Amino acid sequence: MNNNLKRSILALTLIITFLIKSSDTVKAQQYTIKDRFNVKLAYSKYPQLGFTWHGSDEITPSFQTELNYGLLNYMEIGPYVGYGTFKANDISSTGNYGAILKSNALFYGMNTNVHFFPFLVKSENFRFDLYLSGKLGGFYRLTEEGMFPERGHEWDYGVYAGAAFYFSRHWGIYGEYGYGNYTNARFGLSFKF
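Computed from a predicted model, the values in this text were never measured in an experiment. (Residues numbered from 1 in each chain as written. Predicted model: local features only at pLDDT ≥ 70, side-chain atom pairs only at ≥ 80, totals over all residues. Heavy atoms only, no water.)

(A) Highlighting the pairing of strand E5 (residues 128–141). A large share of E5 lies buried, amounting to ten of its 14 residues. Taken together, the eleven bridges between strand E4 (residues 100–115) and E5 define a ladder with antiparallel strand orientation. In the strand pairing of E5, Asn113 is matched with Ser133. Across 14 bridges, E5 lies against strand E7 (residues 152–166) in antiparallel orientation. In the strand pairing of E7, Leu130 is matched with Ala163. (Buried < 20%, exposed > 50% of the residue type's maximum accessible area, 1.4 Å probe, protein only. Helix = DSSP H or I, 4+ residues; strand = E, 2+ residues; numbered from the N terminus. Pairing = 2+ DSSP bridges.)

(B) How the structure looks around the environment of Tyr69. Note that Tyr69 resides in strand E2 (residues 59–70). Each C-alpha atom of the pair Tyr69 and Asp35 lies 6.4 Å from the other, and the pair is 34 residues apart in sequence.

(C) The pattern of salt bridges, seen in detail. Using the criterion set out here, one finds seven salt bridges in the structure. In this structure, Glu154 and Arg141 form a salt bridge, with 3.4 Å as the shortest nitrogen-oxygen distance. Note that Glu154 is positioned in strand E7 and Arg141 in strand E5, a separation of 13 residues in sequence. When its relative accessible area of 30% is taken as the criterion, Glu154 is described as partly exposed. With a shortest N-O distance of 2.4 Å, Arg186 and Glu176 are connected by a salt bridge. (Salt bridge = Lys/Arg side-chain N within 4 Å of Asp/Glu carboxyl O.)

In short, the description is geometric, and any link to function would need to be established separately.
Written as structure tokens, this is what we have:
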């Protein structure tokens, strides 16, 4: 792991520890995440995950869905899955660069969100949300034999600051920005139940 990731994980661990300790002193009826489900539909731009010409700024668009469950008044955790397409090179017949074909990548992993407003807000219908998000997972390239890049798994992780605005009690928009080994931003729709 590189030093930036180690520092990010340490900072997130310290924040979570602080929030767990301070939650013992916050017992009033207030905005809470506990026992709530949250579904997010996200879009994020990854660099080209397959074949690319040197210096190319092509991207791999990724569409992901995550399902989070509130474990504590301020923390939720859950899995995510997603899908993206990228360019692959067929080198099976020539041993050199051949036809450029589309291939697929499946995204998967775990996500956790630590929310700030449950410590500050008394209203259950608060429309704004601020949180820290961490994800650890990966993607799997579904290329065929004889193609570059080869079929296989790659790690995908990140730590992000997130904000959401809810137009109604159950749905809104959100965005996250931070540090990831492949992507630094994601945004989309959020539904809470």
